[in-house]
Amino acid sequence: MAGQQEAAAVSMVQLSTFTRVPSIPRDQSYRDFPVTVRVTAAPPDFVQGERTLVDVVAAIDLRWSMGFDDKYGHQPNDRLVRVKEAMAKVIDNLGVDAQNRLAVVGFNQEVATSTELLEMTAQGQQSAIETVNALKVLGRPSTFSVGLNEAKKILDGRSLAEKRRSLGFIIFVSNGDDVTFLEKDIPTAYPIHAFGLTAQHSPSKLKAMANQTLGSYTPIENDDLETKLAEKLDQLSVRLTSVVAVDTTIDLTTLHHGVVVSKLESSWAYNDALVFYKSEIGGGKTSGKVVVGDVSAGELKEFTVYLDVPAAEGQQDGTGTDDGDSVLELLKVGGVYKQSSDMDKKKVLLGESMVTVVRTDDGGALDLIEERVAYWCKVKLDLSAMYDKLETEAAGAKSGGDVTEALALREASVEAINRAMYHDIYNAVLLALKLRRGGDSGNGGSSAMENSPPTPLHPAKTPV
């Protein structure tokens, strides 16, 4: 089990912890014990007055391949057209508040287009749309630094009052590479949300942009351009206009002698994008810090902390339970964020959460498997009852087609659930074996369930 505790004061952001491993045998150690940490912001309806204004610069690569598949211009493509359609979504979303602002930068080896930050009034939106629609591809390779530095210059050029009032972001769109671009060339003052189009883009360089700035990286295949680019830029711009917390930082402290932080995740795959954090382990591996940055209304951000847990030093380590087991406190998780709507960006504390684990004499390995079997048996029974009812109703209506459809749906659902059940129980067996071996599965210490589909998590136990 793990512990969970809500923030003592009203907060726009909540912190919670979970673990998939309910117990560890007392006489065994566990390497890379996984703890999931989640940061969740209140839904949009509850934070209407807590949002901040944003200044966004869209840096758009205008290399030749954004418009043509051959060097002679005989084979046009619609990549830049799709970017223009997607940018219309961004412009529309920024208009949720007329004081939000947008600048557009078109570049290749030089800046081809650069506007000032325009307020998203009706007139400003129309001007931005006209600027985007006027963008044209150019016949030379592109230099990433040209677009990024121009975007930075625009955001840096704001007055101090404008910087306090509005958060700055960069949207970077490219479908190619730049062999001259190095990580040291990345401006780190503002989050960069990078979109890589088609297989021709450079994942490593766009990931580096996002990683160094607490931004995100979204790859989009050529076949998905028509629908996914507009969808993802739509979702991003909605998030940017609903940021409620900035500089969100999670602090970690181990609570038992010998328990150490072995590693921290620095990215999370979410909604087809990689979201990046900054993480560090300190204090002789007894503490750690993860900076998750901005959090938007209704948004969930998540990462995993891995702990090395030693074998028990004596007959009892931790608080005893009625059945002779003991509860060991492993990790204290707390944090702080700044409220985005506050001009002074005052810090707000997050409620602390205590992560615990039960130390058992028998390891509880069989209990873990039995729990999963019982869960799936209930799922199958509930499903069977539901389809029995549907088939009865269809038969009563004397509709042969409905009965046939219900039977086909039952067969398909049972087949899908059986696949999920076998996969889940197989993972439970692997994890049980790992528990028996003391958390070392022989594969570098990674969790047996690390790459499996999500399964029900064990909620944290609230400390008394």
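Just above, that's the structure.
Not measured: the values here are computed from a predicted model. (Residues numbered from 1 in each chain as written. Predicted model: local features only at pLDDT ≥ 70, side-chain atom pairs only at ≥ 80, totals over all residues. Heavy atoms only, no water.)

### Some details on helix H1 (residues 79-94)
Item 1. With 16 residues, H1 extends 23 Å from end C-alpha to end C-alpha; this agrees with the ideal 22 Å at 1.5 Å per step.
Item 2. Elements in contact with the buried residues of H1: strand S4 (53-61), strand S5 (101-107), helix H2 (122-133), strand S8 (166-174), strand S9 (192-197) and helix H6 (225-240). (Helix = DSSP H or I, 4+ residues; strand = E, 2+ residues; numbered from the N terminus. Expected span 1.5 Å × (residues − 1). Contact = heavy atoms within 4.5 Å.)

### Focus: empty space enclosed by the protein
Item 1. Within the structure shown, the criterion is met by 2 cavities of 30 Å³ or more.
Item 2. When its volume is computed, the largest cavity comes out at roughly 260 Å³.
Item 3. The wall of the largest cavity is formed by 21 residues, among which His193, Ser216, Leu236, Arg239 and Glu299 lie closest to the centre.
Item 4. When contributions to the lining of the largest cavity are tallied by element, the ones reaching two or more residues are S9, strand S10 (216-220), H6, strand S14 (273-276) and strand S16 (287-296).
Item 5. Among the elements that make up the lining of the largest cavity, the one with the highest residue count is H6 (5 residues).
Item 6. Of the residues assigned to the lining of the largest cavity, the class counts are 9 nonpolar, 7 polar and 5 charged. (1 Å grid on protein atoms, 1.4 Å probe; cavity = no way out; pocket = protein on both sides within 12 Å on 5 of 7 lines; lining within 4 Å. Points joined across faces, edges and corners; volume = space filled by probe spheres on them. Nonpolar A, V, L, I, M, F, W, Y, C, P; charged D, E, K, R; others polar.)

### Points about the nonpolar core
Item 1. Counting 40 residues, the largest nonpolar core has Phe33, Ile250, Val305, Leu307, Val309 and Leu330 as the members making the most contacts within it.
Item 2. Among the elements that make up this core, the one with the highest residue count is strand S3 (residues 30-41) (6 residues).
Item 3. If we ignore the near neighbours within four places in the chain, the residues touching Val309 are Ile24, Ser29, Tyr30, Phe33, Val259, Leu328, Leu330 and Arg359.
Item 4. One finds Val54, Val132, Ile171 and Leu236 within the second-largest nonpolar core, a separate group that totals 36 residues. (Core = buried A, V, L, I, M, F, W, Y, C linked by side-chain atoms within 4.5 Å. Buried < 20%, exposed > 50% of the residue type's maximum accessible area, 1.4 Å probe, protein only.)

### Re the packing of aromatic side chains
Item 1. According to the stated counting rule, one finds 7 aromatic pairs in the structure shown.
Item 2. Seen in terms of ring centroids, Tyr30 and Phe33 are 5.5 Å apart; in terms of plane orientation they differ by 80°. Their pairing is edge-to-face. In this structure, Tyr30 and Phe33 share a single accessibility class: buried.
Item 3. With a centroid separation of 5.3 Å and 85° between ring planes, the pair formed by Phe144 and Phe172 is classed as edge-to-face. Residue Phe144 is found in helix H3 (residues 144-156), and its partner Phe172 is found in strand S8; the two are separated by 28 residues along the sequence. For the pair formed by Phe144 and Phe172, the shared burial category is buried. (Phe/Tyr/Trp six-rings, centres within 6.5 Å; stacked < 30°, edge-to-face > 60°.)

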